[in-house]
Amino acid sequence: MATLGVGNLGEFLREQRRQAQLSLRQLAEAAGVSNPYLSQIERGLRKPSAEILQQIAKGLRISAETLYVQAGILDERAQDAAADGTRPPGVREAVLADPGLTEQQKQALLQIYDSFRKENP
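Note that the structure is a prediction, hence the values are computed from the model and not measured.

Q: Please clarify how the overall build of the protein should be interpreted in this entry.
A: The helix and strand inventory of the protein stands at eight helices and zero strands. From first element to last, N terminus to C terminus, the protein shows the α and β order α-α-α-α-α-α-α-α. Relative to its 121 residues, the protein shows a buried fraction of 36%.

Q: It is not clear to me how the confidence of the model for the protein should be interpreted in this structure. Could you clarify?
A: Summary statistics for the protein give a mean pLDDT of 82 and a share of 81% for residues scoring 70 or more. Counted against residues more than four places away or in other chains, residues 1–5, with its pLDDT under 50, gives 10 contacts.

Q: I tried to follow the environment of Leu 109 on my own but got confused; where do I start?
A: Checked against the element boundaries, Leu 109 lands in helix H8 (residues 103–119). You can call Leu 109 partly exposed: its relative accessible area is 40%. For the pair formed by Leu 109 and Leu 96, sequence separation is 13 residues and the distance between their alpha carbons is 9.7 Å. Excluding residues that lie within four positions of it along the chain, Leu 109 makes contacts with Val 95 and Leu 101.

Q: Please explain unusual backbone geometry as it appears in this structure.
A: Both trends apply: most residues other than glycine have a negative phi, and most peptide bonds are in trans. We note that Gln 21 has phi near 55 degrees; this positive angle belongs to a residue other than glycine. Secondary-structure assignment places Gln 21 in the loop between helix H1 (7–19) and helix H2 (24–31). On the basis of relative accessible area, Gln 21 is assigned to the exposed category, the value being 71%. A positive phi angle, close to 60 degrees, is found at Arg 61, a residue other than glycine. Its location among the elements puts Arg 61 in the loop between helix H4 (50–60) and helix H5 (64–71). The exposure class assigned to Arg 61 is exposed, which follows from its relative accessible area of 78%.

Q: Explanation requested: the side chain of Lys 106 in the structure shown.
A: The topology assignment puts Lys 106 in helix H8. With residues near it in sequence (within four places) discarded, Lys 106 still touches Glu 65, Val 95, Leu 96, Asp 98 and Leu 101.

Q: Please clarify how helix H3 (residues 35–42) should be interpreted in this entry.
A: Helical geometry note: an α-helix holds 3.6 residues per turn, so side chains three or four residues apart project in the same direction. Buried within H3 are the following residues: Leu 38, Ser 39, Gln 40, Ile 41 and Glu 42. Where H3 begins, one side-chain oxygen reaches toward the backbone nitrogen of Tyr 37, 3.1 Å away; that side chain belongs to Ser 34.

Q: Got a minute to help me understand the packing of H4 against H5 in this structure?
A: When two helices pack together, you describe them by how their axes are tilted relative to each other and by the distance separating the axes. Two elements in contact, H4 and H5, have axes separated by 8 Å at closest approach and are oriented at 130 degrees. By the angle class used here, H4 and H5 are oblique. Remark: the crossing between H4 and H5 carries right-handed chirality. Residues Ala 50, Leu 53, Gln 54, Ile 56 and Ala 57 of H4 pack against Ala 64, Leu 67, Tyr 68 and Ala 71 of H5.

Q: I keep staring at the environment of Arg 43 and nothing clicks. Help me out?
A: The topology assignment puts Arg 43 in the loop between H3 and H4. Distance from Arg 43 to Gly 10, taken between C-alpha atoms, is 5.7 Å for residues 33 residues apart in sequence.

About the cut-offs
Residues numbered from 1 in each chain as written. Predicted model: local features only at pLDDT ≥ 70, side-chain atom pairs only at ≥ 80, totals over all residues. Heavy atoms only, no water. Helix = DSSP H or I, 4+ residues; strand = E, 2+ residues; numbered from the N terminus. Buried < 20%, exposed > 50% of the residue type's maximum accessible area, 1.4 Å probe, protein only. pLDDT = per-residue confidence, 0-100. Contact = heavy atoms within 4.5 Å. Polar contact = N/O pair within 3.5 Å; in protein donor to acceptor, adjacent residues only side chain to side chain. Axes fitted to C-alpha atoms, helices over the stretch in contact; angles between N-to-C directions. Parallel < 35°, antiparallel > 145°, perpendicular 65-115°, else oblique. Left-handed = near helix turned anticlockwise from the far one by under 90°.

In structure tokens, the structure reads:
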């Protein structure tokens, strides 16, 4: 299986896991993902969704935003928004980076924001 360009993310996750002194199996259990799937992420064979990254971040006790940036999710969204003009850069990043909001609150805010943007051409 070819790598998907997420090797840096996998290396970062492996290093974070080792610093947290967690085995692959322990982190997989804490994150609610299978041991083989987490292993494939660490080896760069799978590209996890934002939801999976959030679960892994909780297991590692680090911010989900840290993993989003490492995975290139935040940068991709900012570039896409600037390119197609649907969303000014910075709104999504500001909401996702706010430590005072839960992940559910962040997703709800972003959904509301997107719905308002669609209503106004």
